[in-house]
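# Structural characterization, general
So you can see what is in the structure, the chains are spelled out below.
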Amino acid sequence: LASRPMTELLAGKRHSPQSSPRGGEEANTKSMLMPGANPLSSILSSRGEEANASSVLRAGVDEAGRGPLAGPLAVAAVILDPARPIAGLDDSKKLSEAKREALYPQIVECALAYCVVLIDVEEIDRINIFQATMAGMSRALRGLPMAAHEAWIDGNQLPKDLPCRGRAIIGGDALEPAISAASILAKVSRDRLMVNMDAIYPGYGFAAHKGYATPMHLDALQHLGPCAQHRRSFAPVRLMLDQMTLF
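Fair warning: this is a prediction, and the values are worked out from it, not measured in the lab. (Residues numbered from 1 in each chain as written. Predicted model: local features only at pLDDT ≥ 70, side-chain atom pairs only at ≥ 80, totals over all residues. Heavy atoms only, no water.)

Each helix and strand counted, the chain has seven helices and six strands in total. Start at the N end of the chain and walk to the C end: the helices and strands fall as β-β-β-α-β-α-α-β-β-α-α-α-α. Counting only residues that meet the buried cut, the chain has 51% of its 247 residues in that class. Summarising the internal contacts of the chain: among those between residues at least 6 apart in sequence, 64% fall at separations of at least 24. Summed over its atoms, the accessible surface of the chain is roughly 11400 Å², and 53% of this surface lies on carbon and sulfur atoms. (Helix = DSSP H or I, 4+ residues; strand = E, 2+ residues; numbered from the N terminus. Buried < 20%, exposed > 50% of the residue type's maximum accessible area, 1.4 Å probe, protein only. Contact = heavy atoms within 4.5 Å. Areas by Shrake-Rupley, 256 points an atom, 1.4 Å probe, with all protein chains shown as cover.)

In structure tokens, the structure reads:
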């Protein structure tokens, strides 16, 4: 398990050629995770034809894991079905772990389409966390099994290579249900992976702090040194490596 590419840990898909307007074509992105589409209701007919010309497929996009010292960045895109509203959606950071876990299968079941991607540590260190976030947002949108007409993105920045028109919404994860849903899918997907990673890299406490710079994590980093999943471009890890080279 430790030697696998990280993108295999949560790989899977739920769409079929019959349910995807792309005829089952898979998106060309190596970091795509868990794309899915459900049978269409109010926006697309059962034969995949648009119900009317004014229908808009709007995807919410959000990330989880920009701040941690270790582990991947997760980015999700979700197209909700207006005929199947989901109660309780909110910014994932405001929800308890139990509530996020309860909402996760509801989002997967009720959404018209969703896609979660992971950006691994190597890419984060190579291009920086901001560029990794922008790249992940574009990949998540391209990974949707049906093309979104518009993307509503949490924050104040839009990727330059969006596959559709976009709108940046500050605090959007607490304002727009589709962004809230993306926030939850990204957070739960990443948290589950970090729990698995705790068994691969014991001693760091990844299951507890999910890679964030808690006192527990910093203490483990001091005693054990960085592992393969630590972000070398982040200051606490970089300083630790610099200290190790001096002795």
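Once you've had a look at it, read on.
What follows deals with helix α6 (residues 215–224). Each α-helix winds once per 3.6 residues, and so residues spaced three or four apart point in a common direction. Taken residue by residue, α6 has His217, Ala220 and Leu221 as its buried positions. Along the long axis of α6, the arc covered by the buried residues comes to 100°, so they all point the same way. With respect to the buried face of α6, the exposed residues turned more than 90 degrees away are Pro215 and His223. Remark: Gly225 follows α6 within two positions and exhibits a positive phi of approximately 80°. (Arc of directions from axis to C-beta.)

Further remarks concern the nonpolar core. Formed by 33 residues in total, the largest nonpolar core has its most connected members in Val78, Leu80, Leu89, Ile107, Leu185 and Phe206. Looking at this core, the element that brings in the most residues is helix α4 (residues 177–200), giving ten residues. Residues within four places of Ile107 in sequence aside, it is in contact with Val78, Ile86, Leu89, Ala181, Ile184 and Leu185. Of all hydrophobic cores here, the second largest spans 31 residues; its members include Ala59, Ile79, Leu144 and Phe234. (Core = buried A, V, L, I, M, F, W, Y, C linked by side-chain atoms within 4.5 Å.)

The tally for this structure, following the rule as stated, stands at ten salt bridges. Two residues, Glu150 and Arg58, come together in a salt bridge whose shortest N-O distance is 3.0 Å. One end of the pair, Glu150, is in strand β5 (residues 150–154); the other, Arg58, is in strand β2 (residues 58–64), with 92 residues separating them in the sequence. Here Asp161 ties to Arg142 by a salt bridge, and the two come within 3.9 Å at their closest N and O atoms. Placement of Asp161 in the loop between β5 and β6 (165–169) and of Arg142 in helix α3 (residues 129–143) is noted, with a sequence separation of 19 residues between them. Judged by its relative accessible area of 38%, Arg142 is partly exposed. What emerges from the salt-bridge pattern is a single network uniting Arg58, Glu150 and Arg165. (Salt bridge = Lys/Arg side-chain N within 4 Å of Asp/Glu carboxyl O.)

So, on to the side chain of Arg190. Examined against the element boundaries, Arg190 turns out to sit in helix α4. Put simply, Arg190 is tucked away with no salt bridge, and the nearest opposite charge, on Asp191, sits 4.8 Å away. From its side chain, Arg190 meets the backbone oxygen of Ala70 in a polar contact 2.7 Å long. With residues near it in sequence (within four places) discarded, Arg190 still touches Ala64, Gly65, Pro68, Ala70, Gly71, Pro72, Ala74, Lys210, Tyr212 and Arg231. (Lys, Arg positive; Asp, Glu negative; His and termini not counted. Polar contact = N/O pair within 3.5 Å; in protein donor to acceptor, adjacent residues only side chain to side chain.)

The end-to-end C-alpha distance of α3 is 20 Å, a good match for the 21 Å that 15 residues give at a rise of 1.5 Å each. Those residues of α3 that fall on the buried side of the exposure criterion are Ile129, Ala132, Thr133, Met134, Ala135, Gly136, Met137, Ser138, Ala140, Leu141 and Gly143. The opening residue of α3 is Asn128, an N-cap whose side-chain oxygen sits 3.0 Å from the backbone nitrogen of Phe130. (Expected span 1.5 Å × (residues − 1).)

With that out of the way, let us pick up the packing of aromatic side chains. Counted by the stated rule, this structure contains one aromatic pair. Judged by centre distance (5.4 Å) and plane angle (10°), the rings of Tyr204 and Phe206 are stacked. Side by side, Tyr204 and Phe206 carry an identical accessibility label, which is buried. Stacked on the ring of Trp152, the Lys or Arg Arg167 has its end atom at 4.9 Å from the ring centre. A cation over an aromatic ring shows up here: Arg192 above the ring of Tyr104, its NZ or CZ 4.3 Å from the ring centre. (Phe/Tyr/Trp six-rings, centres within 6.5 Å; stacked < 30°, edge-to-face > 60°. Lys NZ or Arg CZ within 6 Å of the ring centre and 35° of its normal.)

Across the chain, the average pLDDT comes to 83, with 77% of residues at 70 or higher. Below pLDDT 50 for its whole length, residues 1–32 participates in 64 contacts with residues either more than four positions away or in separate chains. pLDDT under 50 marks residues 37–54. Its contacts with residues more than four places away, or in other chains, come to 37 contacts. (pLDDT = per-residue confidence, 0-100.)

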